[in-house]
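# Per-entry structural report
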Amino acid sequence: MPPSSGTVRSRLTRAVSRVLRHRPLPAAVVVAVLSTALVGVAPGATTASSTAGRITRFSHTGATATIATSSGAAVRVEFVRADIFRIQLAPDGRFTDPAGADIALNTSFGTPAVHTADRGAYYEIATGSVTLRAAKKSLAFAAYRPDGTLLWRESSPTSWTGTQTTQHLARGATEQFYGTGLRLGPWALRDMTVPISVDNTWKRNTNASPAPFYMSSNGYGVLRNTWAPGSYAFTDPVATTEDENRFDAYYFVADSLKGVLGAYTDVTGKPFLAPMWGLELGNADCFNASNPAYNGDHTRARHQTTPDVVGYARDARNADMPSGWILPNDGYGCGYTDLKQTVGDLQGLGFHTGLWTSTGLNDIATEVSADGSRGVKTDVAWIGGGYKYAFDGVDQAVAGIEKNSDARRFVWTVDGWAGTQRNAVVWTGDTNGDWPTMDWTVPAVVGAGLSGLNYASGDVDGIFGGSPETYTRDLQWKAFTPAFMTMSGWGATNPQAGYQDKQPWRFSEPYLSANRKALQTKMRLMPYMYTMSQVASTTGVPSTRALVLEYPNDPVAQGNATSGEFMAGDSFLVAPMTSSGTTRDGIYLPAGTWTDYWTGKVYQGPTTLNGYAAPLDETPVFVRGGGIVPMWPQMNYTGEKPVSTLTYDLYPAGTSKFSLYEDDGVTRAYQRGASARQQVTVDAPNSGTGTVTVNVGASVGSYAGKPDSRGYELNVHLAGAPTTVALGSTSLARVSSKAAYDAAETGWYFDPADRGGVLWVKAGNRSGAFTVTLAGATLPTPATDAGGSPVLDKSTWKLISADSQETSAGNSAAVNAIDGDIGTIWHTAWSSGTPDPLPHEIQIDLGSRYAVDSFRYLPRQDGGVNGRIGRYEVYVSDSPTSWGTPVATGTWTDTASPKTASFPAVSGRYLRLRALSEAGDRGPWTSAAELGATGVPAP
């Protein structure tokens, strides 16, 4: 019996077919692609290398130091700012700059004060922010903070081969690395080798939109100023290689990772500020299938001519489903008809229109100025032509929009590079709608922010395959990111009952309502989400944040133990569901209090939540203590209703503040100062009972359409009703019911059943600043039964043995059960014709001794069903030869959802699982996507 109930696919064939689907290739190119894949030789691989040798001359003028060497190589060090410097190395002594100002857009910050000195063994080049040392004997650099703290040190001189140049850095004992663009996998990169290149296969551990940039937990970042691809090995030593015979790098020094991102985006450009409608759900599809040139299904119903898209838009509105923009054509020969009419009709339904390029952007001026198109997706025409080629395509699209309208840029690109953050949304490419893909998409999108990419996404539920459950779960977490889009054109039109296309309104219940709830939540949070994107556009700190950005000193947050969750702006922690079922393990909450967004239950961090209940319509979301969240009235698209009332959702804990940003949301007038700010501060006790004071500042600034006044409402999460509520010096009346509250102009009502307790306060219509004071307010008490032992880090786990594994017909080796990739599986042997009989077992060395209190089993997530474990036994021991009695026994159900066996803590270093039966009684098989455990270190 094969290890999967589905079709076995060749990865190579699939990779090549995807490239061919996007862009026809000459036969010679196809042969080259196949040959490279089959031989497996790394691009540009060479053996001999050279270095600069000793320093023969050192000079300093202004902010630039120049070095001559015994090999004839020349080196130039230039400080463009006190905290930013550039090192160039020319092996032949002649400096070149192929990138020019394309990547490093801004380098004019004034001339910093630079001091140099001869220190005997090395030359010193210093500013008030960083000191660089250049060793004389064999040129190697090291960078230090002014207090002498090491930032980085070359373990050996930079080397070159004629086709590649590599910098070699000593790695710190606990140093962690982040960045490299939209990498399809975990974002903490220590011990990983990352391609700074694309192969357009869009699978785990490849790179969809690489950036030759990385950051270190030591507080520095590096940008290789190049269009050349490369490979970065964050091993010991670190080796960062680019495929060119030159070295050119900018270095950024700061006191935090956020500071490094700020400096990096000062040079390469801040993330663009998308129009508000760009933060709503979008869709791309061909609606001109009758075109003879189209290479898809010519008979597809309701997709014959471009105006047919209006019917789909009307369906969305009839289903009360939020959605904001549509790309009603694609490449592949689809084209469009009646564009101006379509744009107008869609606009009447609250949709904005964009176009998906096929052969170029020759008609963009007319499409924007005359027809009203406002978005571009640079896909088909730009894949495979090189990084600068795709980059220039984005620039051309931006110019086409902004030179022919007052609109803002809104461009999607599948091949980005360093600097793309200033112009475009990047996405993960042509992926599948399955759990393994979602599992790596979460850290991929989150990790993109660690390269300054504020807008990163993936097609909701992928472009191929999918199911109602994977669609809903994928939509839920992506609704907490700035930009997201469905791709309905390549999915089956009716893969199963209640699931058509990839539109959220074309599902049956309960998925239909769950999709609506996710999108309605996004729309209510629009002022919060938009403010977070504006913060990104001025600071370089992304909206979607790895926990390490907010908690840089938390050792758990620094690594991939938290790669499956993220902060959505300042306040929200989101832990997506990336496997089937309604429970979630391993949700890490850092220090502070955290309120469950759906239930109001409060947790005290740091803690790990296991067995968290996540019904289909609720992905796990928590609000950080002190959170201040502005919300709009419910609407299906921006501008559908006036913001007659602005609600602030408050989670008091100590002193917190939020600065709401507003502008017209559409034009570029904000670049000329047409915007407004409203500062909100909350002062509260850290716990217990006391006075909570909410100061809502005046909205300062002006923009087209700004209201002269508006209503204000506060939702304050408390454990009980306060004694009094005052607006300024006036006591507000307490009303007896929510209905009475809704009918009142001002007043307050406490609802103990609303998410653990919510105080509703109406402040009435206001045009200026005001203060609301809650006397005798009691903050919620963190749950005493919450949390559990953390999920054990599997990076140190080793396979001891497995009684059976399939390695002949595909890779289903037992080690796959502990590799952290739910897309790989352990499957017992089946290809020999005589399968190994049950029971089966696997033995694992945890690497250290732990007090283990639960065992985790994730059945295969690839659509296959055979091998799911039924009856089981779990053992924990200090000896792999003496297991004793099982610590847990039981029977798991025949489903793909995660399974847990909990038990009183047992200390040991070794773990053993015995599968006594197959859950579905289909045969003598055992399979597993991942095995895990929870516990704490034990002496």
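Residues numbered from 1 in each chain as written. Predicted model: local features only at pLDDT ≥ 70, side-chain atom pairs only at ≥ 80, totals over all residues. Heavy atoms only, no water.

## Examining the side chain of N636
Counting through the fold element by element, N636 comes out in the loop between strand 36 (628-631) and strand 37 (645-650). The residues contacting N636, other than those within four sequence positions of it, are E280, R317, D320, M321, P322, S323 and M523. (Helix = DSSP H or I, 4+ residues; strand = E, 2+ residues; numbered from the N terminus. Contact = heavy atoms within 4.5 Å.)

## Digging into the sheet that holds strand 7 (residues 131-135)
The antiparallel open sheet is built from 9 strands, whose spatial order is 5-6-7-8-9-10-16-15-12. Taken across any chain shown, the strands that pair with only one partner, and hence form the sheet edges, are strand 5 (115-118) and strand 12 (193-196). Each neighbouring strand pair of the sheet contributes to a mean axis angle of 20 degrees, computed without reference to strand direction. In terms of strand pairing, strand 15 (residues 230-233) meets strand 16 (residues 238-242) through 4 bridges, oriented antiparallel. In the sheet register, A233 faces strand 16, and the bridge partner there is A239. (Pairing = 2+ DSSP bridges. Axes fitted to C-alpha atoms, helices over the stretch in contact; angles between N-to-C directions.)

## Points about the packing of aromatic side chains
Applying the stated rule across the entire model yields 39 aromatic pairs. Ring centres 5.9 Å apart and planes at 75 degrees place the aromatic pair Y214 and Y232 in the edge-to-face group. On the criterion of sequence distance, the pair formed by Y214 in strand 13 (residues 207-216) and Y232 in strand 15 is long-range, its members being 18 residues apart. Classification of Y214 as buried rests on a relative accessible area of 1%. Measuring from centroid to centroid gives 5.9 Å for F252 and Y264, while their planes differ by 80 degrees, and the two rings are edge-to-face. Here Y264 lies in helix 3 (residues 257-268) and F252 lies in strand 17 (residues 247-253), a separation of 12 residues in the sequence. Judged by relative accessible area, Y264 falls into the buried class, the value being 0%. The rings of F480, Y528, F572, Y597, W598 and F658 are connected pair by pair, giving a single aromatic cluster. Directly above the aromatic system of F109 lies the positively charged group of R81, at a separation of 4.9 Å from the ring centroid. K136 extends its terminal NZ or CZ atom over the ring of Y123, reaching a point 4.7 Å from the ring centre. (Phe/Tyr/Trp six-rings, centres within 6.5 Å; stacked < 30°, edge-to-face > 60°. Buried < 20%, exposed > 50% of the residue type's maximum accessible area, 1.4 Å probe, protein only. Lys NZ or Arg CZ within 6 Å of the ring centre and 35° of its normal.)

## Some thoughts on helix 4 (residues 309-318)
Burial of helix 4 is extensive: 7 of the 10 residues sit out of reach of the surface. Every buried residue of helix 4 is accounted for by V309, V310, G311, Y312, A313, A316 and R317. In this fold, the buried residues of helix 4 make contact with strand 19 (325-327) and helix 5 (339-348).

## Here we look at the sheet that holds strand 29 (residues 566-568)
Overall, antiparallel pairing links the 6 strands, which are arranged 28-29-30-35-32-33 in an open sheet. Bordering the open sheet on either side are strand 28 (544-545) and strand 33 (602-609), each of which pairs with just one other strand. Across 3 bridges, strand 29 lies against strand 30 (residues 572-574) in antiparallel orientation. Bridging across to strand 30, A568 finds its partner in F572.

## Describing the environment of S217
Structurally, S217 can be placed in the loop between strand 13 and strand 14 (220-224). At 2.9 Å, the side chain of S217 and the backbone nitrogen of Q176 are in polar contact. (Polar contact = N/O pair within 3.5 Å; in protein donor to acceptor, adjacent residues only side chain to side chain.)

## Things to note about the pattern of salt bridges
For side chains of opposite charge, pairing can occur when their charged atoms come near one another. Evaluated as defined, the whole model comprises 44 salt bridges. A salt bridge links R302 to D315, with the shortest nitrogen-to-oxygen separation between them at 2.7 Å. In this pair, R302 sits in the loop between strand 18 (281-284) and helix 4 while D315 sits in helix 4, placing the two residues 13 residues apart along the sequence. What makes D315 partly exposed here is its relative accessible area of 24%. One salt bridge connects K478 with D474, and the closest N-O pair in it is separated by 2.8 Å. Note that K478 and D474 are positioned in helix 9 (residues 468-478) at a spacing of 4 residues, about one turn of the helix. The two residues K478 and D474 agree in class, both being buried. Shared partners join several salt bridges into a network, and the residues in it are R86, D97, E244, R246 and D248. (Salt bridge = Lys/Arg side-chain N within 4 Å of Asp/Glu carboxyl O.)

Structural measurements only, silent on function.
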